[in-house]
Amino acid sequence: EGLRLPAGDLLIHAGDCMTETGQRGYVTRHKGEIQDVSQEGVDLFKFFAAWFGAQDFPHKVMIAGNHDLVLQGLGKARVQQMLDDSTIRGRCVYLEHEEVAKVWP
């Protein structure tokens with residue numbers, strides 16, 4: 001919340017926005033697979049999404065890291081929707097096992 005970034009054209013967050021969430025009980029696993037994400041985990045990501053979406057960059061790219069188990073549990077479509085709902089400046093693209101060549105028209 002206290003991190004202030006100067007305005008720019010492109011902001012890339014390349015992983016671990018929610019460091020070690022898998023170890024803090026935000027996800028429930030069964031046989032190694034994520035089955036559920038707690039409301040606390042959802043709220044924590046919403047907090048990050050609001051910060052990320054408010055940054056003064058017209059183009060934002062977010063990539064989950066190996067500690068972002070909440071995002072994995074939520075799934076790509078829900079994460080993208082939460083980012084869309086929270087983005088008040090510019091546009092945000094969430095990448096999961098994919099690439100993008102251009103994020104703007």
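The structure under discussion appears in the preceding block.
Cut-offs applied
- Residues numbered from 1 in each chain as written.
- Predicted model: local features only at pLDDT ≥ 70, side-chain atom pairs only at ≥ 80, totals over all residues.
- Heavy atoms only, no water.
- Helix = DSSP H or I, 4+ residues; strand = E, 2+ residues; numbered from the N terminus.
- Buried < 20%, exposed > 50% of the residue type's maximum accessible area, 1.4 Å probe, protein only.
- Contact = heavy atoms within 4.5 Å.
- Areas by Shrake-Rupley, 256 points an atom, 1.4 Å probe, with all protein chains shown as cover.
- Core = buried A, V, L, I, M, F, W, Y, C linked by side-chain atoms within 4.5 Å.
- Pairing = 2+ DSSP bridges.
- Axes fitted to C-alpha atoms, helices over the stretch in contact; angles between N-to-C directions.
- Polar contact = N/O pair within 3.5 Å; in protein donor to acceptor, adjacent residues only side chain to side chain.

Now for the overall build of the chain. Regarding its fold elements, the chain presents 3 helices and 5 strands. Burial statistics for the chain: of 105 residues in total, 39% are counted as buried. Intrachain contacts of the chain at a sequence separation of at least 6 include 74% that bridge at least 24 residues. For the chain, the accessible surface area stands at approximately 6,500 Å², while carbon and sulfur atoms represent 48% of it.

In this section: the nonpolar core. By size, the foremost hydrophobic cluster in this structure holds 24 residues, and its most contacted members are F45, F52, M62, V70, L71, L74 and L83. For this core, the secondary structure elements donating two or more residues are strand 3 (33-37), helix 1 (39-54), helix 2 (69-74), helix 3 (76-86) and strand 5 (91-95). With 6 residues, the top contributor of residues to this core is helix 1.

Moving on: the pairing of strand 2 (residues 27-30). Here is the key point about a regular strand: its side chains alternate between the two faces of the sheet. Two strands pair when backbone bridges link them, and strand 2 and strand 3 are joined in this way by 4 bridges, in the antiparallel orientation. Across the sheet, the residue bridging to R29 is I34, located in strand 3. Where strand 2 hands over to strand 3, the hairpin turn is made up of 2 residues, of which K31 adopts a positive phi near 55 degrees.

Here we come to the sheet that holds strand 1 (residues 10-14). The 3 strands are arranged 1-4-5 in an open sheet whose pairing can be described as parallel. If you trace the sheet from one side to the other, it starts and ends with strand 1 and strand 5, each paired once. Within this sheet the neighbouring strands show an average axis-to-axis angle of 15 degrees, counted without direction. Pairing of strand 4 (residues 59-63) with strand 5, which is carried by 5 bridges, proceeds in the parallel orientation. Of the residues in strand 5, the one forming a bridge with V61 is V93.

This part is about the side chain of Q80. Structurally, the position occupied by Q80 is in helix 3. Among the polar contacts made by the side chain of Q80, one reaches the main-chain amide nitrogen of Y94 at a distance of 2.8 Å. In contact with Q80, not counting residues within four places along its chain, are C92, V93 and Y94.

Time to look at the pairing of strand 1. Burial of strand 1 is one-sided: the residues L11 and H13 facing one way are buried, the residues L10, I12 and A14 facing the other way are not. Pairing analysis gives 5 bridges linking strand 1 to strand 4, with the strands arranged parallel. By the bridge assignment, L11 is partnered in strand 4 with K60.

Bringing the side chain of H13 into the picture now. In this structure, H13 sits in strand 1. We classify H13 as buried; its relative accessible area is 18%. Those residues in contact with H13 that sit more than four places away from it in its chain are F48, F52, V61, M62 and I63.

Before going further, it helps to examine the environment of I88. Inspection of the secondary structure puts I88 in the loop between helix 3 and strand 5. Ignoring sequence-local partners within four residues, the contact set of I88 consists of G53 and A54.

These values are about where atoms sit, not about what they do.
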